[in-house]
Amino acid sequence: MKYRATARNFDQDNPTYARASAAAGLARSWPRPLVNSPGQIARLTRDGTWELLRSAPGVEIPVNARIDRGGLEQIARGAAAIENAVAGGRFPIIVRPLDSHAGDGLIKLDCAAEVDGYLRERTEPEFYIAPFVDYRGQDGLFRKYRIALIDGHPYAVHMAISAHWMIHYLNAGMVESAEKRAEEARFMASFDQDFAVRHATALRAIAERFDLDYIPFDCGETRDGKLLVFESGTNMVVHAMDPPDLFPYKRPQMEKVFGAFQAMLRKRMARIDRMAADAA
């Protein structure tokens, strides 16, 4: 059975890593300033993100281990234990194909027999597996937050609320529920005084370890109050396209996010201008 539960080389045969590494080569000869080093982006694979954040204070992040199809087949047959693939692991687990996104092929499996059924429906040769973390709130609902770190400072992007653990904003019923939208509005309005304060240590550690000018990530909260990080990526959607009649609170918040991004660019350019003037 082939598996990897660590990412010291940041998953160098992952397509995401390969693309970012190619961009890093171009960046070394690029004549203009860059935002976000491609070399830093290359580390943001699922197992790379785990490697970066696993010891961050205030952060909970499930180990993401790569396992080939044969390894999963052995678990399905009972020929290998789940603990062999994920240190300290046990069912339920979540499984997804390597380099998949937007929930494609993502599923929670409660026992070895369900692994066999999953493999019958999937043809991919390699997967990520991770322990399932039940992050339901006291009301039985799951909440997923998208946060953008801009120049190290956190900004609320959205909050999705669902009865299902696998949340995407578009399938969370936010359009249909005025109650959910009201909660998201309160989350955004109080973010700087509430969420960002409660998780200040975790957010600071994440910003330092990612070391990027701009990085969004998705997260939840564990029952013991830690920041539960799901995934990160510089290409996550950050937008102001929601209907203003249903989401009147979104536009002001997103203008704040966009303004912070523009300020980061101006600050970076001013620093470069000063360096150029000093060198002249």
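The coordinates are above.
Predicted model, so just to flag it, every value in this text is computed and none were measured.

**A word on the overall build of the chain**
Item 1. Within the chain, the secondary structure is distributed over 10 helices and 10 strands.
Item 2. In terms of C-alpha radius of gyration, the chain reaches 20 Å, essentially the compact-globule figure of 19 Å for 280 residues.
Item 3. Along the three orthogonal principal directions, the C-alpha set of the chain runs to about 65 × 50 × 30 Å.
Item 4. Here the chain holds 280 residues, and 46% of them are scored as buried.
Item 5. Across the chain, contacts joining residues at least 24 apart in sequence account for 63% of those joining residues at least 6 apart.

**Re the packing of helix H3 (residues 46-53) against helix H9 (residues 200-210)**
Item 1. For the pair H3 and H9, the least separation of the axes is 10 Å and the interaxial angle reads 120 degrees. Accordingly, the angle class assigned to the pair H3 and H9 is oblique. Between H3 and H9 the crossing geometry is right-handed. Here H3 contributes Thr-49, Leu-52 and Leu-53 to the contact with H9, which in turn contributes Ile-206, Arg-209 and Phe-210.
Item 2. Here the residues of the contact of H3 with H9 are counted per class, giving four nonpolar, one polar and one charged.

**Brief notes about the sheet that holds strand S10 (residues 227-232)**
Item 1. Reading across from one edge, S2-S10-S9-S7-S8 is the order of the five strands in this open sheet, with mixed pairing throughout. Each of the sheet's edge strands pairs with one partner strand only, and the pair in question is strand S2 (59-60) and strand S8 (153-162).
Item 2. Pairing analysis gives nine bridges linking strand S7 (residues 142-150) to S8, with the strands arranged antiparallel. By the bridge assignment for S8, Ile-150 is matched with His-153.

**Describing unusual backbone geometry**
Item 1. Residues Phe-91 and Pro-92 are joined by a peptide bond in cis, for which omega reads 5 degrees.
Item 2. Within the secondary structure, Pro-92 sits in the loop between helix H5 (82-85) and strand S4 (93-97).
Item 3. Of note in the backbone geometry, Asp-211 takes a positive phi value of approximately 55 degrees without being a glycine.

**As for the environment of Ala-178**
Item 1. Structurally, the position occupied by Ala-178 is in helix H7 (residues 178-190).
Item 2. With a relative accessible area of 52%, Ala-178 lands in the exposed category.
Item 3. Linking Ala-178 and Glu-51, residues 127 residues apart in sequence, is a C-alpha distance of 39 Å.

Analysis parameters
- Residues numbered from 1 in each chain as written.
- Predicted model: local features only at pLDDT ≥ 70, side-chain atom pairs only at ≥ 80, totals over all residues.
- Heavy atoms only, no water.
- Helix = DSSP H or I, 4+ residues; strand = E, 2+ residues; numbered from the N terminus.
- Rg over C-alpha atoms; globule rule 2.2 N^0.38 Å.
- Buried < 20%, exposed > 50% of the residue type's maximum accessible area, 1.4 Å probe, protein only.
- Contact = heavy atoms within 4.5 Å.
- Axes fitted to C-alpha atoms, helices over the stretch in contact; angles between N-to-C directions.
- Parallel < 35°, antiparallel > 145°, perpendicular 65-115°, else oblique.
- Left-handed = near helix turned anticlockwise from the far one by under 90°.
- Nonpolar A, V, L, I, M, F, W, Y, C, P; charged D, E, K, R; others polar.
- Pairing = 2+ DSSP bridges.

Honestly, it's all geometry; don't read function into it.
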